[in-house]
Amino acid sequence: MHSVLVTGGSRGIGRATALLAAAKGWSVAVNYVGNAGAAEDVVTEITAAGGKAAAVRGDVADEADVVAIYDAAERELGPLTGVVANAGIVAPSRPLVEIGLDRMRRIFEVNTIGAYLTAREAARRLAKSRGGPGGSIVLVSSMAARLGSPFEYVDYAGSKAAVDTLTIGLAKEMGGEGVRVNAVRPGLIETEIHASGGQPDRARRLGVGSPLGRAGRAEEVAEAILWLLGDASSYVTGGFIDVSGGR
Ligand code: NAP
């Protein structure tokens, strides 16, 4: 059986990904940073349905934590063949002129450094030349990387543009290692992330203006992630799926 680590698997897109992965037969390590109850709920839902899962705490922006997350996941589930680098944060909407350094640093630490550390550890453990089993890495970027998020969070948009670049470069590094590297770029998806940015209704309000006329659901993003994660996408690497309703 294949095992996958989902960072930020306790809520939102990560939670939907963990549940769909389990439904498709993956064992799932559900990473979280503060919300142990939400992570345990995901684990309980998976195990109640006959699947295998474990909750693993750790901050993706912390190098030692990232190593510990992988160690715990492999202790519980055996060697990983899949990693979904999903953990991410936003901050309240502001034009750049009003964005302070502490906030910029934290956004880049979690979204960019967190993704790079998560992907680096995946590359170290999955690469065939290092004794790994090969596998698939999926990074969760954002349409913000292409749209720039003016007057909302250009810092967040830049932190995700770096994730796009990581996807392109790491896919080329890992092509001969039996590891594929791809990304999804969600658009306006109804999760709690918008409340954490001070606008609980943001996805619903702005989603109406997208070509498909509505916000997306976490489960719709999870479908794209699982396709990239599994063998159905066996000839796809360095690729992107925009799950944004055409935005
Ligand atoms: P969410 O509902 O706010 O969930 C965030 C998840 O990330 C939670 O599981 C949280 O854990 C975890 N997390 C946050 N900081 C972490 C850290 N430092 N280390 C480890 N885990 C951490 O967010 P979401 O909307 O599902 O977003 C998931 C990803 O999709 C993010 O990368 C986000 O940027 C991206 N995205 C979302 C949207 C959207 O509209 N929702 C659009 C584009 C891209 P706790 O439960 O412990 O707090």
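Structure: above.
Residues numbered from 1 in each chain as written. Predicted model: local features only at pLDDT ≥ 70, side-chain atom pairs only at ≥ 80, totals over all residues. Heavy atoms only, no water.

Enquirer: Sorry, what's going on with the overall build of the chain here?
Expert: Regarding its fold elements, the chain presents 9 helices and 7 strands. Computed over the C-alpha atoms, the radius of gyration of the chain is 17 Å, within 12% of the 18 Å expected from 2.2 N^0.38 for a compact globule of 247 residues. For the chain, the spread of C-alpha atoms along the principal axes amounts to about 50 × 40 × 35 Å. Taken across its 247 residues, the chain has 53% of its residues classed as buried. By sequence separation, contacts in the chain at least 24 residues apart represent 71% of the contacts at least 6 residues apart. Accessible surface for the chain amounts to roughly 10,900 Å². Of this, 53% is attributable to carbon and sulfur atoms. (Helix = DSSP H or I, 4+ residues; strand = E, 2+ residues; numbered from the N terminus. Rg over C-alpha atoms; globule rule 2.2 N^0.38 Å. Buried < 20%, exposed > 50% of the residue type's maximum accessible area, 1.4 Å probe, protein only. Contact = heavy atoms within 4.5 Å. Areas by Shrake-Rupley, 256 points an atom, 1.4 Å probe, with all protein chains shown as cover.)

Enquirer: What exactly am I supposed to notice about the environment of Gly 8 here?
Expert: Tracing the chain through its elements places Gly 8 in the loop between strand E1 (3-6) and helix H1 (12-23). Expressed as a C-alpha distance, the spacing of Gly 8 and Ala 18, which sit 10 residues apart in the sequence, is 9.6 Å. With residues near it in sequence (within four places) discarded, Gly 8 still touches Gly 14, Arg 15, Asn 31, Asn 86 and Ala 87.

Enquirer: What is the right way to look at unusual backbone geometry in this model?
Expert: With the exception of glycine, the majority of residues adopt a negative phi angle, and the majority of peptide bonds are in the trans configuration. Phi angles above zero are rare outside glycine, and Ser 149 is one such case at about 50 degrees. By the element assignment, Ser 149 lies in the loop between helix H5 (144-147) and helix H6 (154-174). Accessibility expressed as a relative area gives 9% for Ser 149, which makes it buried. Not every positive phi belongs to a glycine, and Phe 151 is a case in point at roughly 65 degrees. Here Phe 151 is to be found in the loop between H5 and H6. Overall, the relative accessible area of 68% leaves Phe 151 in the exposed class.

Enquirer: Please clarify how the pattern of salt bridges should be interpreted in this entry.
Expert: Once the charged atoms of two side chains with opposite charge are near each other, the side chains can pair. Per the stated rule, a full pass over the model turns up 19 salt bridges. With a shortest N-O distance of 3.1 Å, Asp 242 and Arg 146 are connected by a salt bridge. Remark: Arg 146 occurs in helix H5 and Asp 242 occurs in strand E7 (residues 240-243); sequence separation between them is 96 residues. Residue class for Asp 242 comes out partly exposed when judged on its relative accessible area of 32%. Arg 204 is the partner of Glu 190 in a salt bridge, and the nearest nitrogen-oxygen pair spans 2.6 Å. Of the two residues, Glu 190 is situated in the loop between strand E6 (179-186) and helix H7 (193-196) and Arg 204 in helix H8 (residues 202-207); the sequence distance between them amounts to 14 residues. (Salt bridge = Lys/Arg side-chain N within 4 Å of Asp/Glu carboxyl O.)

Enquirer: How should I be thinking about the site of the ligand in this particular structure?
Expert: Not every one of the 33 residues close to the ligand is listed here, only the nearest: Ser 10, Asn 86, Tyr 156, Lys 160 and Thr 191. For the ligand, an oxygen atom lies 3.2 Å from a polar atom in the backbone of Gly 8. Between an oxygen atom of the ligand and a main-chain N or O atom of Val 33, the distance comes to 2.9 Å. For the ligand, the accessible surface in isolation is 910 Å², of which the surrounding protein chains cover 95%. Elements with a contribution of two residues or more to the shell around the ligand: H1, strand E2 (27-32), helix H4 (101-126), H6 and H7. Tallied by class, residues from the shell around the ligand come to 13 nonpolar, 15 polar and 5 charged. (Near = heavy atom within 4 Å. Polar contact = N/O pair within 3.5 Å; in protein donor to acceptor, adjacent residues only side chain to side chain. Nonpolar A, V, L, I, M, F, W, Y, C, P; charged D, E, K, R; others polar.)

Enquirer: Can you walk me through the packing of H4 against H6 in this structure?
Expert: For any two helices packed against each other, the geometry comes down to the angle between their axes and how far apart the axes lie. Two elements in contact, H4 and H6, have axes whose closest approach is 9 Å; the angle formed by their N-to-C orientations is 15 degrees. Classified by the interaxial angle, the pair formed by H4 and H6 is roughly parallel. Here H4 runs over H6; the crossing is right-handed. From H4, Arg 103, Met 104, Ile 107, Phe 108, Asn 111, Thr 112, Ala 115, Tyr 116, Ala 119 and Ala 123 reach across to H6, where they touch Asp 155, Tyr 156, Gly 158, Ser 159, Lys 160, Ala 162, Val 163, Leu 166, Leu 170 and Met 174. (Axes fitted to C-alpha atoms, helices over the stretch in contact; angles between N-to-C directions. Parallel < 35°, antiparallel > 145°, perpendicular 65-115°, else oblique. Left-handed = near helix turned anticlockwise from the far one by under 90°.)

Enquirer: What is the right way to read H1 from this model?
Expert: Given 3.6 residues per turn, any residue in an α-helix points the same way as the ones three and four places further on. For H1, with 12 residues, the first-to-last C-alpha span of 17 Å sits near the 16 Å given by 1.5 Å per residue. All of the buried residues along H1 are Ile 13, Gly 14, Ala 16, Thr 17, Ala 18, Leu 20, Ala 21 and Ala 22. Lining the buried residues of H1 we find E1, E2, helix H2 (36-48), strand E4 (82-85), E6 and helix H9 (218-229). Looking one or two residues past H1, Gly 25 carries a phi angle of roughly 100 degrees, positive in sign. (Expected span 1.5 Å × (residues − 1).)

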